[in-house]
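Coordinate inspection notes
One-letter residues, chain by chain:
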Amino acid sequence: MSLPVSPRKVARAAGIAVAVSLAACLVAPLVVTAAGAFVDADWYGKRSEGALGTGAAGLFRYVLGIWSNALLTSLRLVGTVVPLALLIGAPAAFAFRRRPFPGSAFVEALAMTPLAIPGIALAVGLLLGAGRAPRFGLLVAGHLAYTLPLVLKTISNALERERADLERAARSLGAGPWQAAAWVTLPRLVPGLVLSALLVFAVSWGEFNVSFLLATPLVQTFPAGLYTTYTTNSFPVAAAATLIFLAPIVPAFLAIQALGGEEFRRGLSS
Amino acid sequence: MRLEVRGLSKSYGADRPAVASVSHAFPEGRISAVLGPSGSGKSTALFLIAGLADPDAGSVLLDGRDVTNVPAEKRDIGLMFQSYALFPHLTVIENVAFGLRTRGVAKAARMERAREVLETVRMGAFAHRRIEGLSGGEQQRVALARALAFRPRVLLLDEPLSALDAKMREDLRVELFSLLRALALTTVYVTHDQAEALALGDELVVMREGRIEQVGRPADVYHRPRSPFVARFLGAANLVAGEVSPGGDDLNLPFATIEAPAGADAGPCWAMLRPEDLEVVALKDADFTAAIASVQFLGPVQRVRVFAGRQELLLDAPNDAVLGDGARIPVRMKREKIVVFARERGELPPSPPSAPVVAAASVDDSPRTVN
């Protein structure tokens, strides 16, 4: 007896249906948010904010007016965390992979632990440990704890794929350890460095837990501000703020996706 | 430049030394072929000479100066890697010029020199290509050019042809031979391929389990191996369990008795006979007759597997001889070619490290995987 439709086709169709509905569930809030920022509807409570009524442009101007400080804090934070994470993480990954020392495996494992620590614990720990430090410094420390593991992993993977014999070849051709690193290892690591910079940027830009708990009225990151805006402002204002938040992160994720694929192919071919 | 190693030792595990107290002075301006099965420590020895691995003991001397503690980049030793290890992010000419760039040679000068070396390996037309698109043979030439461009004092080659297919290997072997000869550099050529070692080396160094087993001119080592291992490793060899009579006069083999080679010690022995030293002759000149078991046509000769009684032997017959399976042929042993090794009573013949008829398979050698 043969079925009218093959089971494989049914399974395939079901799979596609599940994937599409999942994607729809993920995208739906974004659609609502985007609509909220652009549709001029009284029942969203737009009028209640007073300074509005001049369309979408006016709304965004208003939102930027309230949250410019938080936005600047976030930009400054990301601008500090991304280079610091790379400057600390990449050489550390190189040391762990290429110049292991007694106990380096333990140190490496230790560096990964923040990923498993809840943000609240980390934030409270930072406050208890160094509560008198400038708040911005604490924010940088908290973000570094979460982003360094990403750099370590990304660069470690890139180094593991990279054949160590290229470095040996450079040495035999007269390059000292630093020259070999600068002329051979580093150029080969550029895709990995760009990838980890994007990852650090995405995580740091969107990090909420630590940022929220360490926030002061003067030093507040944009995601922390987003929380406040959702609890206190009208929906169109919150929606516009969300779109501003998403503006840099979506391109970053697309770039990560594209680069990750490229990295993967390179890894297979070499 | 004279290159010498003294008591060089290196072990990666606790119990298995990769190189065990190797001492040797490589002849100046000549090619030394270092031959050994994979895992015999020959590549490790090369890395120790290049300074890319630190010896546990012993020293490396260049022109009598101890360079054991000199880092790799200061030794001026050219090394061609088995994997070629070309820099994928650089072009062909940038790869070749790398060793000049590290030495601070100005761009124009190093590009000119790189181009010149690329011409000598007939890769001039590929100067601005990326490494990725090159064939194995092309990469091999670029790797050689890169190792030569900075005018090294000593050249080390680690299995330079092993990554190529058989036909390409033959062609490049001839080319490499004339190129290396013309350079007259002190060269150490590591290989597990006995044909390569015999053809390229002014001197042959046979290694086994981290030690030097025998050193000599290729022909001498081939004709007068010092151990059954060397006999078997350098080409095909019949090893027949026999006995030299108490007076040292007779050599008793299971299928014949002949006069013993001069200087043979009395007692149990292995008699080594290469296939080409067994001749098919007229019956009246024969030492024994043998039954043909199988015939392999190799081109220049036919390699025939025969049985003399219960003793299996390989012999080379002319490529136009008519040989039928099962036929009996009269065989004579070339007396002057017989080599005798002492044997323990009941000792089994050493198994050949590589198949005796076909050249050794390309098996990877260690240090690339050892970090």
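Scoring rules and cut-offs
- Residues numbered from 1 in each chain as written.
- Chains lettered and ligands numbered in written order.
- Predicted model: local features only at pLDDT ≥ 70, side-chain atom pairs only at ≥ 80, totals over all residues.
- Helix = DSSP H or I, 4+ residues; strand = E, 2+ residues; numbered from the N terminus.
- Buried ≥ 20, exposed ≤ 12 C-beta atoms within 10 Å, placed from the backbone.
- Contact = placed C-beta atoms within 7 Å.
- Axes fitted to C-alpha atoms, helices over the stretch in contact; angles between N-to-C directions.
- Parallel < 35°, antiparallel > 145°, perpendicular 65-115°, else oblique.
- Left-handed = near helix turned anticlockwise from the far one by under 90°.
- Pairing = 2+ DSSP bridges.
- Nonpolar A, V, L, I, M, F, W, Y, C, P; charged D, E, K, R; others polar.
- Expected span 1.5 Å × (residues − 1).
- pLDDT = per-residue confidence, 0-100.
- Arc of directions from axis to C-beta.

Quick word on the overall build of chain B
Along the backbone of chain B there are 8 helices and 20 strands. Across its three principal axes, chain B shows a C-alpha extent of roughly 75 × 45 × 35 Å. Burial statistics for chain B: of 371 residues in total, 41% are counted as buried. Residue pairs in contact within chain B that sit at least 24 positions apart in sequence constitute 66% of those at least 6 positions apart.

Quick notes on the packing of helix α5 (residues 135-161) of chain A against helix α7 (residues 177-206) of chain A
All names here are of chain A. Running from N to C, α5 and α7 cross one another at 155°; their axes reach a closest spacing of 9 Å. Between α5 and α7, the interaxial angle falls into the category roughly antiparallel. Viewed along their axes, α5 and α7 form a crossing whose handedness is right-handed. Touching His143, Tyr146, Thr147, Leu150, Val151, Thr154, Ile155 and Ala158 of α5 are Leu189, Gly192, Leu195, Ser196, Leu199, Val200, Val203 and Ser204, all from α7.

What about the sheet that holds strand β8 (residues 186-191) of chain B?
Residues and elements named next belong to chain B. As summarised here, the arrangement of the 6 strands in space is β6-β7-β8-β3-β9-β10, forming an open sheet in which the pairing is mixed. Both outer strands of the open sheet, β6 (77-80) and β10 (211-216), are each paired with one neighbouring strand and no more. If you compare each strand with its neighbour and ignore which way they point, the axes differ by 20° on average. Of the pairings in the sheet, the one linking strand β7 (residues 154-158) to β8 comprises 5 bridges and is parallel in character. Its bridge partner being in β8, Leu156 is matched across the sheet by Val188. Here helix α4 (residues 136-149) sits on the sheet in contact with β6 and β7, set at roughly 170° to β6.

A word on the pairing of strand β11 (residues 238-244) of chain B
Of all the 7 residues making up β11 of chain B, 5 are buried; the element is thus mostly covered by neighbouring parts of the structure. Connecting β11 of chain B to the next strand, strand β12 (residues 250-253) of chain B, in antiparallel fashion are 5 residues, including Gly248 of chain B with a positive phi near 80°.

Thoughts on the environment of Arg303 of chain B
All names here are of chain B. Note that Arg303 resides in strand β17 (residues 301-308). Residue classification places Arg303 among the partly exposed residues on the basis of 18 C-beta atoms within 10 Å. Residues Arg303 and Leu204 lie 99 residues apart in sequence; the distance between their C-alpha atoms is 26 Å.

Examining the interface of chain A and chain B
With 15 residues of chain A in contact, the opposing surface of chain B contributes 19 residues. Among the elements of the structure, α6 (164-172) and α7 of chain A are those that each provide at least two residues to the side of chain A that touches chain B. The element best represented in the side of chain A that touches chain B is α6 of chain A, accounting for 7 residues. Across the side of chain A that touches chain B, the residue classes tally to 7 nonpolar, 4 polar and 4 charged.

Overview of α4 of chain B
Residues and elements named next belong to chain B. Across its 14 residues, α4 extends 20 Å between first and last C-alpha, which sits within 8% of the 20 Å expected from 1.5 Å per residue. Of all 14 residues in α4, 11 are buried, a share of seventy percent or more. Residues of α4 that are buried include every one of Gln139, Gln140, Arg141, Val142, Ala143, Leu144, Ala145, Arg146, Ala147, Leu148 and Ala149, and no others. Where the residues of α4 are buried, they touch β6, α2 (92-101), α3 (107-120), β7 and α5 (166-183). Two residues or fewer after α4 comes Arg151, characterised by a positive phi angle close to 55°.

With respect to the confidence of the model for chain B
Residue and element names in this part refer to chain B. For chain B, per-residue confidence averages 88 on the pLDDT scale, and residues scoring 70 or more make up 94% of the total. Across chain B, the secondary-structure element scoring lowest on mean pLDDT is α5, at 86, and the one scoring highest is α2, at 96. Every residue in residues 353-371 is under pLDDT 50, and counting partners more than four places away or in other chains gives 38 contacts. The ipTM for the predicted assembly is 0.80, set against a pTM of 0.77.

Section: α3 of chain B
Residue and element names in this part refer to chain B. Under the 1.5 Å per step criterion, the end-to-end length of α3 is 20 Å for 14 residues, consistent within 8% with the ideal 20 Å. Along α3, the residues classified as buried are Arg110, Ala114, Val117 and Leu118. What you see down the axis of α3 is that its buried residues fit within an arc of 105°, all on one side. Relative to its buried face, α3 has exposed residues pointing more than 90 degrees away, namely Ala108 and Ala109. Remark: Arg122 follows α3 within two positions and exhibits a positive phi of approximately 60°.

Considering the environment of Leu156 of chain B
Residues and elements named next belong to chain B. If you trace the backbone, Leu156 turns up in strand β7. Remark: the alpha-carbon pair of Leu156 and Lys107, spanning 49 residues in sequence, is separated by 26 Å. The contact partners of Leu156, leaving out residues within four places of it in the chain, are Leu46, Ile49, Ala50, Ile77, Gly78, Leu79 and Val188.

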